[in-house]
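# Report on the structure
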Amino acid sequence: MKIVIIGAGGRLGAALMREYREKYDLAGFNHAQLDLANLDDVRRKLGAMNFDVLINAAAFTNVDACETERDRAFRINAETPGILAEICNEKEAKLIHFSTDYVFDGEKRAPYTEEDQANPISAYGESKLGGEKNVLAAGDGHLVVRVSWVFGPDRPSFVDAMIKRAQQDEKIDAISDKFSTPTYTHDIAHMLLQFFDREIAGGILHFANAGKCTWQEYAQWALDCCRDAGISLKGRTVGALKLSEMTRLRQGSGGQAPWVARRPVYSVLSSAKYTELTGTAPRAWREAVNDYITRFYSKK
Ligand SMILES: NC(=O)c1ccc[n+]([C@@H]2O[C@H](COP(=O)([O-])OP(=O)(O)OC[C@H]3O[C@@H](n4cnc5c(N)ncnc54)[C@H](OP(=O)(O)O)[C@@H]3O)[C@@H](O)[C@H]2O)c1
């Protein structure tokens, strides 16, 4: 099976490259090698290749920048994914396109299923929802995989920022009234393996580690795991910050830049459909975070 990964330099794309390199005939494009804003280039480069599965892990992921660069956000996150699906149709290949929990408004208080109505409250969420629609409209068999709070070794995310702060400061805060589920790139790579066949599961599928938490609980767990792994930290306890304060301060950046885009306060994704299709359940987020920290921090 020949697989091509777009976004091979990103947090998720780089992890997929590593996990699949030895198992498949694999090629990848990072941003410098393929710009999704350049449709002629996309058509020319992908049109010249043969593959069975095209995985799009590239996106304009800066949620605040999407508010001020709407045209760019819609080009990269909405328009181009539809073109990718058309290119796949010509080759009878399957497109696996990644999307986000931010397509939801966050008003629900139970895990979002694939059947729940999307209602984005940011330009990023709107553009990603546009991408989902364009991919699914292009033909049956393509798969949209929504993920949340992605972490992994290939690019720092919230958990790494919290650990870094705890190494430098005694006082650490994180938001205590925003809920979702941290999800490990390694686990996404393994969950995805079962869906490469075009005949299996087109449509939308949610992938997340099991359980839910706030950012404060997530950060606290990460520091607890570090302590258990013998990693020395100055900060031990994560204080609570309210989401409303985040219109003034930005998490993880030392409180410098304010948030521009609105974020859903609750965006837990249900993995029930994944479990129904595969007969397996994703592991708990706490286990996944502990695994990440013991593998990638203990050695530092
Ligand atoms: N991270 C999360 O918590 C999270 C949550 C929900 C959903 N997702 C979704 O998961 C997928 C993977 O995200 P990630 O966490 O891996 O984000 P990431 O680390 O920001 O990776 C995105 C990649 O896309 C590339 N990219 C940006 N603009 C591009 C363009 N015009 N052409 C080609 N490549 C471009 C980026 O390259 P440069 O860095 O060089 O610009 C980067 O390598 C995305 O679909 C995202 O929407 C992520």
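Everything numeric here is computed off the predicted structure, so don't read it as measured data. (Residues numbered from 1 in each chain as written. Predicted model: local features only at pLDDT ≥ 70, side-chain atom pairs only at ≥ 80, totals over all residues. Heavy atoms only, no water.)

### Focus on the overall build of the chain
- Broken down by element type, the chain carries 10 helices and 12 strands.
- A globule of 300 residues ought to have a C-alpha radius of gyration of about 19 Å, and the chain, at 19 Å, matches this closely.
- When the backbone C-alpha atoms are referred to their principal axes, the chain occupies close to 55 × 40 × 40 Å.
- In the chain, buried positions account for 54% of the 300 residues.
- Taking contacts inside the chain between residues at least 6 apart in sequence as the whole, the part at least 24 apart equals 78%.
- Taken as a whole, the chain presents about 13,100 Å² of accessible surface, with 47% of it coming from carbon and sulfur. (Helix = DSSP H or I, 4+ residues; strand = E, 2+ residues; numbered from the N terminus. Rg over C-alpha atoms; globule rule 2.2 N^0.38 Å. Buried < 20%, exposed > 50% of the residue type's maximum accessible area, 1.4 Å probe, protein only. Contact = heavy atoms within 4.5 Å. Areas by Shrake-Rupley, 256 points an atom, 1.4 Å probe, with all protein chains shown as cover.)

### A word on the site of the ligand
- In the region of the ligand, 24 residues are neighbours, and Leu12, Leu36, Thr61, Tyr124 and Lys128 sit closest.
- Protein coverage of the free-state accessible area of the ligand, which is 890 Å², stands at 85%.
- Contributions of two or more residues to the shell around the ligand are made by α1 (11-20), β4 (94-100) and α5 (123-138).
- It is β4 that contributes the most residues to the shell around the ligand, three residues altogether.
- Looking at the shell around the ligand, its residues break down into 13 nonpolar, six polar and five charged. (Near = heavy atom within 4 Å. Nonpolar A, V, L, I, M, F, W, Y, C, P; charged D, E, K, R; others polar.)

### A few points about the side chain of Thr183
- With respect to the helices and strands, the residue Thr183 is situated in strand β9 (residues 183-184).
- A distance of 3.1 Å separates a polar side-chain atom of Thr183 from the backbone oxygen of Thr181.
- Those residues in contact with Thr183 that lie beyond four places of it in its chain are Ser148, Trp149, Val150, Phe151, Ile188, Phe207, Ala208 and Asn209. (Polar contact = N/O pair within 3.5 Å; in protein donor to acceptor, adjacent residues only side chain to side chain.)

### Some words on the packing of aromatic side chains
- Taken as a whole and judged by the stated rule, the model has 22 aromatic pairs.
- Look at Tyr20 and Tyr24: their rings are 5.9 Å apart centre to centre, the planes differ by 90 degrees, and that puts the pair in the edge-to-face class.
- Its relative accessible area of 1% is what places Tyr20 among the buried residues.
- In this structure Tyr24 comes out as partly exposed when scored by relative accessible area, which is 22%.
- Following the ring pairs from residue to residue traces out a cluster consisting of Trp149, Phe151, Phe158, Tyr184, Trp215, Tyr218, Trp259, Trp285, Tyr292, Phe296 and Tyr297. (Phe/Tyr/Trp six-rings, centres within 6.5 Å; stacked < 30°, edge-to-face > 60°.)

### Some words on the nonpolar core
- Counting residues in hydrophobic clusters, the biggest one holds 34 residues, and the most contacted among them are Val4, Ile6, Leu46, Phe51 and Leu54.
- For this core, the secondary structure elements donating two or more residues are β1 (2-6), β2 (25-29), α2 (39-47), α3 (63-68), α4 (70-91) and α5.
- Sorting elements by how many residues they give to this core places α4 first, with seven residues.
- If sequence neighbours within four positions are ignored, Phe51 has contacts with Lys2, Val4, Leu46, Ile87, Cys88, Lys91 and Ala93.
- Counting residues in hydrophobic clusters, the runner-up holds 30 residues, among them Ile175, Leu223, Leu233 and Trp259. (Core = buried A, V, L, I, M, F, W, Y, C linked by side-chain atoms within 4.5 Å.)

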